[in-house]
Amino acid sequence: MTKTDMLIVGGDGDLALRKLYPSLYYLELNDCMPEGTRIIGSARTAQSQEEFLAKVEKWLKENVKKGLYDEEKWQRLASRLTFAQGDATNPESLKAIEETYLDSDAALVVYLAIPPMIFGKVCSALDACGLAKETTRLVVEKPLGDSEESFVAINAELARVFSEEQLFRIDHYLGKETVQNLLALRFANDIFEPLWNANHIDHIQITVSEEVGVGNRWDFYNQTGATRDMVQNHLLQVLCLTCMEPPAKLDADSVRTEKLKVLKSLKVIGAKDVHHNTVRGQYTAGEKNGETMPGYLEEESDKYEIDPNSQTETFVAIKAEIQNWRWSGVPIYLRTGKRLASRHSEITIHFRKKKHNIFEENHENHASNRMVIRLQPDEGIRLRVMSKVAGLDAGIPLESGCLNMFFAEKGEQQKHDAYSRLIFDVLRNDQTLFVSAAEVQAAWQWVDQIFQGWEDTGMRVQNYPAGSLGPNGANVMLARDGNEWHEIDTL
Ligand code: BG6
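Residues numbered from 1 in each chain as written. Predicted model: local features only at pLDDT ≥ 70, side-chain atom pairs only at ≥ 80, totals over all residues. Heavy atoms only, no water.

(A) Inspection of the overall build of the protein chain at higher detail. On a plain count of helices and strands, the protein chain comes out with 13 helices and 17 strands. In summary, the protein chain has a C-alpha radius of gyration of 24 Å against a globular reference of 23 Å for 491 residues, a match within 12%. Referenced to the eigenvectors of the C-alpha coordinate spread, the extents of the protein chain come out at roughly 80 × 50 × 50 Å. Within the span of the protein chain, comprising 491 residues, buried residues form 54% of the whole. By sequence separation, contacts in the protein chain at least 24 residues apart represent 77% of the contacts at least 6 residues apart. Summing over all exposed atoms, the protein chain offers an accessible surface of approximately 22500 Å²; the carbon and sulfur share of this is 49%. Positive and negative charge centroids in the protein chain, built from 55 and 73 side chains respectively, lie 3 Å apart. (Helix = DSSP H or I, 4+ residues; strand = E, 2+ residues; numbered from the N terminus. Rg over C-alpha atoms; globule rule 2.2 N^0.38 Å. Buried < 20%, exposed > 50% of the residue type's maximum accessible area, 1.4 Å probe, protein only. Contact = heavy atoms within 4.5 Å. Areas by Shrake-Rupley, 256 points an atom, 1.4 Å probe, with all protein chains shown as cover. Lys, Arg positive; Asp, Glu negative; His and termini not counted. Charge placed at Lys NZ, Arg CZ, Asp CG, Glu CD.)

If you want it as structure tokens, here you go:
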């Protein structure tokens, strides 16, 4: 493998500190850092190399997963880390960074850990100073716009300088172990494929439930909301991997082509459908385990003024449908929200009931099969199956049981995070787990229509108390189809 220099623009910012240095540390911890990798954190604010290293070290000591701090591994990472003061929007400044810190023989990865509004300027500066070579890779992440139009504008600035093969768009959900396990589950096990369609699956649910509120991100969040923050990217990516056709190969082009087909087959939800197919919610004050929690409009914010009339959704539930041969008629319910009762993410596959039931007297207890794919916490898969109640009761009384497969021993800790896997892939130049421009655009197109529908109909948010399961409207939406949400730790 050739040597790589990774230049982090925004190298002492929030994203770099919270996500990038810890994930680089995990690569080191797992002995996965490719030989010859050097990391150059650049920022405008002057600071010495010692100050920079001390800041990263302190952060890691306090924030890496419990028990995983190892002094020797940190020292190894520290020996690759350099601070470079400079203004990445200025070609001369970048040239100076290049001359002082970069190795002309090494491949260059530039990670833009900065707000998207300056992506264009940095790309132009990289181009002007000759750093945008054919082999340079550029890493960016959300928010990539807040609509199709704004995404196209941001992307045009990147594409002016870099080809699609050079662009790595991160969706950190694709770095999660269980999300990748979806590919293994579906395509490395022959038993599921014949069942994975509308003939055998009644409906699918995808839930990403968060306990946290919006905290000190109120201003950002208020312009974003749950649909743009979570559905447009993470939930739709999970939906794609759950429902896409088998790709011809496990490479970037094949996987991304299949995901794009799913996004393009999503049934449009516009003004005439939003009332039936979507629910928007906003949390009010609530209580959990004796602790009171403020409502969205009462969050403390010293930096921003809270708009008391905000209609931003902190919860959204959507009944989606993929209109293709495999899935036509199968509801795919998506749900995500802040300040809910628990933190968990799950995909549940609800299989159809047998048409002919020989256990008629057990009708009540005869549940359909269900597969729960848990993304977090305790990643794993559970399959609900029926079995006979042990004993001498007359007939064959039924009860449901569970086949469990945890990906780690319960409680055992993963020694990396989603970002480490993705950064590892950037360093290996593998785009399979990154999102193509066409996918992001198609996802925005679908989400934009929902927003248009909300605007046209004036559909308002429904309130739900912090610490609850969300607004009742979400239950009503499923009840209309004779379904109910699968809640955590139920079978
Ligand atoms: C981010 C959102 O993309 O994902 C956050 O901006 C959200 O609002 C986070 O909290 C959730 O990620 P995870 O990995 O904690 O489920």
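(B) Expanded view of the side chain of Ser342. The residue Ser342 is located in the loop between β12 (332–337) and β13 (344–351) in this model. In terms of polar contacts, Ser342 uses its side chain to reach the side chain of His344, at 2.9 Å. The residues touching Ser342, leaving out its near neighbours within four places in the chain, are Ser209, Glu210, Glu211 and Ile488. (Polar contact = N/O pair within 3.5 Å; in protein donor to acceptor, adjacent residues only side chain to side chain.)

(C) Representation of the sheet that holds strand β8 (residues 278–284) within the structure. Here nine strands make up an open sheet; going across it, the order is β16-β15-β14-β13-β7-β12-β11-β8-β17 and the pairing mixed. If you trace the sheet from one side to the other, it starts and ends with β16 (398–406) and β17 (462–465), each paired once. Strand-to-strand twist across the sheet, computed as the mean angle between neighbouring axes with direction ignored, equals 20°. Along the sheet, helix α7 (residues 177–187) contacts β13, β14 (370–376) and β15 (380–388); its crossing angle with β14, the most-contacted strand, is approximately 145°. Taken strand by strand, helix α13 (residues 472–479) contacts β7 (201–209), β8, β11 (315–320), β12 and β17, and its axis lies near 10° from that of β11. (Pairing = 2+ DSSP bridges. Axes fitted to C-alpha atoms, helices over the stretch in contact; angles between N-to-C directions.)

(D) View of the site of the ligand. Neighbouring the ligand are Lys142, His172, Tyr173, Lys176, Glu210, Arg217, Asp229, Met230, His234, Lys338, Arg343 and Gln376. Here an oxygen atom of the ligand and a side-chain polar atom of Arg217 are 2.5 Å apart. Protein contacts shield 79% of the accessible area of the ligand, which totals 400 Å² for the unbound molecule. By residue number, the principal contributor to the shell around the ligand is helix α8 (residues 218–243), which donates three residues. Residues that form the shell around the ligand fall into these classes: two nonpolar, three polar and seven charged. (Near = heavy atom within 4 Å. Nonpolar A, V, L, I, M, F, W, Y, C, P; charged D, E, K, R; others polar.)

(E) View of the sheet that holds strand β4 (residues 107–112). In spatial order, the strands read β3-β2-β1-β4-β5-β6; together these six strands make up an open sheet with parallel pairing. Two strands close off the open sheet at either side, each with one partner strand: β3 (81–85) and β6 (167–170). Ignoring which end each strand starts from, the neighbouring axes of this sheet average 20° apart. Here three bridges tie β4 to strand β5 (residues 137–141), and the two strands are oriented parallel to one another. For Tyr111, the partnering residue across the bridge sits in β5 and is Val139.

(F) Structural view of the pattern of salt bridges. A full pass over the atoms with the stated rule returns 32 salt bridges. The partner of Arg76 in a salt bridge is Glu28, with the nearest N and O atoms 3.7 Å apart. Pair noted here: Arg76 is in helix α3 (residues 71–78) and Glu28 is in helix α1 (residues 14–29), with a separation of 48 residues, a long-range link. Classification of Arg76 as partly exposed rests on a relative accessible area of 32%. A relative accessible area of 0% places Glu28 in the buried class. (Salt bridge = Lys/Arg side-chain N within 4 Å of Asp/Glu carboxyl O.)

(G) How the structure looks around the nonpolar core. Judged by nonpolar contacts, the single largest core of 144 residues is most densely connected at Ile8, Tyr21, Tyr111, Leu138, Leu236, Leu334 and Trp446. Considering every element that reaches this core, the biggest residue donor is α8, with twelve residues. Excluding residues within four positions of it along the chain, Trp446 makes contact with Val231, Leu236, Leu266, Lys267, Val268, Ile269, Ile318, Ala320 and Leu334. (Core = buried A, V, L, I, M, F, W, Y, C linked by side-chain atoms within 4.5 Å.)

(H) Broad picture of the pairing of β5. Summarising burial for β5: five of the five residues are buried, a large majority. Judged by which residues are buried, β5 turns out to be covered on both faces: Arg137, Val139 and Glu141 on one side and Leu138 and Val140 on the other are all buried. In this structure, β5 lies alongside β6, joined through four bridges in parallel fashion. Along β6, the bridge assignment pairs Val140 with Arg169.

(I) Quick look at the environment of Val426. By secondary structure assignment, the location of Val426 is in helix α11 (residues 418–427). Residue contacts for Val426: discarding those within four places in its chain leaves Val109, Arg137, Val139, Phe168 and Phe434.

(J) View of unusual backbone geometry. Cis geometry is found at the peptide bond from Lys142 to Pro143, where omega equals 5°. For Pro143, the position within the fold is in the loop between β5 and α6 (148–159). A positive phi angle is found at Asp31, which is not glycine, with a value near 55°. Locating Asp31 in the fold gives a position in the loop between α1 and β2 (37–43).

On their own, these measurements won't tell you what the molecule is for.
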